[in-house]
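The residues making up each chain are set out below.
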Amino acid sequence: MIYLDYASTTPVNQEVLKAYTYVLEKYYANTDSLHDAGLKVAELMEQSREQTASCLKVKANELMFTSGASEANNTAIKGSAFALQHRGKHLITSCVEHSSVDQTMKQLQELFGFEVTYLPVNSSGVVEAETLRQALRKDTILVSIMALNNEVGSINDIAELAKVTHESSRAVFHSDCTQILGKQPLTFLPDIELASFSAHKIYGLKGSGLLYHKQNVRLVPLICGGQQEAGLRGGTSNAPCNIAWAKTMRIAFEKMDEYSRHVSELNQRLRLGLAEIDGVEINSPQDATPYILNFSVKGMTSEVMLNALNHYGICVSSRSTCSSKTKAPSKVLMAMGISEERATHSLRISLSHLSKKSEVDELLNVLKEIFNDYRIK
Ligand code: PMP
């Protein structure tokens, strides 16, 4: 098997797995129990929170453990919208967000009477600061714009967008940082109030996420019921998962530059190889993350290509995995001004430090074979 779908999920790092299974077996007490066994697990979990926070250069009490980025996005958006609705009910997001942001916004609009503005993106898939400035209003309470797009890899200037937001409104700024974590430094984090992360995109555990919430940002909890996570998320803590975050985060930051150089070389190789194939058009902008490359092939739909590659044991995606079952053309590509025809013929390759040159070459060879076969038929 050749796995080139790392933006969907990554294999767990063996060190993380070892730490997780060890804690799961040995430290099973409840973090809220008052006996020594419980206190020990609570201590380990708080150590993990400290270490995770220090990697992100934030304070430990600004991090909340969640079940993933979907929950973190829901909590950031609904939690702050409910907490700030006395100031206004206007929310701003972009039209290329992950479904966990998009659907949360729709729910707030349809069920809770909020008004949502969906900002367009330019042909590179990026929200322009001026577009945001013009959409901000006196009653805007929240802006949510992703850092790195999961389908095409375009990167928003979050520091600039947050600056515009704070200059022109009292809104808080949230960013879905799921895809940027571990790929480049998060220098913008001190400039924003809320950020979501997921462990399984960076060789951590599935069902494990983080919400960064700057001190003094008010949030209404979505899960009431207990004192856990400073009263923001009820329910017995998933201590083994939360304790594994420290190792997951450390590993993600440790070799970030080295990994990024390796992936940039692979991306370049892939781009050059694709340029030699007739009918291939690259959809990712030139300055996108090297980890994601989206392209379309004339005459072959995404579904046909996916199935054909799968037949050769090559795993890729056609779009965001959380919307993989819809037949509609990619809204991200359409928002970038790409035609419907081209948007229904797209593939997303996502690379990792684990990817090899030989895998990229094999993908290119198989693609050529598939196109030749298909065109002859
Ligand atoms: N946001 C983005 C940009 C994503 O790519 C994903 C994962 N597909 C999520 C949020 C959801 O993450 P999780 O699977 O941890 O809920």
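Below is a short write-up of the structure. As the structure is a computational prediction, the values presented were derived from the model and not from experiment.

Details of helix H2 (residues 36-56)
A rise of 1.5 Å per residue sets the reference length of H2, with its 21 residues, at 30 Å; its end C-alpha atoms lie 30 Å apart and thus fit the reference within 8%. All of the buried residues along H2 are Gly38, Val41, Ala42, Leu44, Met45, Ser48, Arg49, Thr52, Ala53, Cys55 and Leu56. Where the residues of H2 are buried, they touch strand S2 (63-66), strand S7 (194-198), strand S8 (209-213) and helix H7 (239-254). Among the residues trailing H2, Lys57 stands out with phi positive, at a value near 60°.

Remarks on the packing of helix H1 (residues 14-26) against H7
At their nearest, the axes of H1 and H7 sit 9 Å apart, and the two run at 160° to each other. By the angle class used here, H1 and H7 are roughly antiparallel. Our pair here, H1 against H7, has a crossing hand that is right-handed. Between H1 and H7, the contacting residues are Glu15, Val16, Ala19, Tyr20, Val23 and Leu24 on the first element and Pro240, Cys241, Ile243, Ala244, Lys247, Thr248, Arg250 and Ile251 on the second.

A short note on the pairing of strand S5 (residues 140-144)
The buried fraction of S5 amounts to five of the five residues, a majority that puts the element mostly inside the structure. Pairing geometry for S5 and strand S6 (residues 172-176), over three bridges, is parallel. Opposite Leu142, over in S6, you have Val172 as the bridge partner. In this region the chain leaves S5, passes through helix H6 (residues 158-168) and returns to the parallel neighbour S6; the handedness of that crossover is right-handed.

Description of the site of the ligand
If you check the shell around the ligand, you find 15 residues, and the closest are Ser70, Asp176, Ser198, His200 and Lys201. Separating an oxygen atom of the ligand from a backbone N or O atom of Ala69 is a distance of 2.9 Å. Within the contact set of the ligand, a nitrogen atom lies 3.3 Å away from a side-chain nitrogen or oxygen of Thr178. Of the residues that constitute the shell around the ligand, the class distribution is three nonpolar, 10 polar and two charged.

Considering helix H8 (residues 256-275)
The α-helix advances 3.6 residues per turn, and as a result positions three or four apart in sequence lie on the same side. If you check H8, its first and last C-alpha atoms are 28 Å apart, about what 20 residues at 1.5 Å a residue would give, namely 28 Å. Within H8 the residues assigned to the buried category are Met256, Ser260, Val263, Leu266, Asn267, Leu270, Arg271, Gly273 and Leu274. Along H8, the residues classed as buried sweep out an arc of 160° about the axis, all on the same side. Among the exposed residues of H8, those pointing more than 90 degrees away from its buried face are Asp257, Arg261, Glu265, Leu272 and Ala275.

Concerning the pattern of salt bridges
Summed over all chains, the structure comprises 17 salt bridges. Across the pair Arg348 and Asp5 runs a salt bridge, and its minimum N-O distance is 3.4 Å. In this pair, Arg348 is assigned in strand S12 (residues 346-350) and Asp5 in the loop between strand S1 (2-3) and H1, connecting sequence segments 343 residues apart. According to the relative accessible area criterion, Asp5 is buried, its value standing at 10%. Put simply, Glu130 and Arg133 hold a salt bridge, and the shortest N to O gap is 3.2 Å. Residue Glu130 and its partner Arg133 are located together in helix H5 (residues 129-135), separated by three residues, close to a single helical turn.

What counts and what doesn't
Residues numbered from 1 in each chain as written. Predicted model: local features only at pLDDT ≥ 70, side-chain atom pairs only at ≥ 80, totals over all residues. Heavy atoms only, no water. Helix = DSSP H or I, 4+ residues; strand = E, 2+ residues; numbered from the N terminus. Expected span 1.5 Å × (residues − 1). Buried < 20%, exposed > 50% of the residue type's maximum accessible area, 1.4 Å probe, protein only. Contact = heavy atoms within 4.5 Å. Axes fitted to C-alpha atoms, helices over the stretch in contact; angles between N-to-C directions. Parallel < 35°, antiparallel > 145°, perpendicular 65-115°, else oblique. Left-handed = near helix turned anticlockwise from the far one by under 90°. Pairing = 2+ DSSP bridges. Right-handed = clockwise from strand over helix to strand, strands pointing away. Near = heavy atom within 4 Å. Polar contact = N/O pair within 3.5 Å; in protein donor to acceptor, adjacent residues only side chain to side chain. Nonpolar A, V, L, I, M, F, W, Y, C, P; charged D, E, K, R; others polar. Arc of directions from axis to C-beta. Salt bridge = Lys/Arg side-chain N within 4 Å of Asp/Glu carboxyl O.

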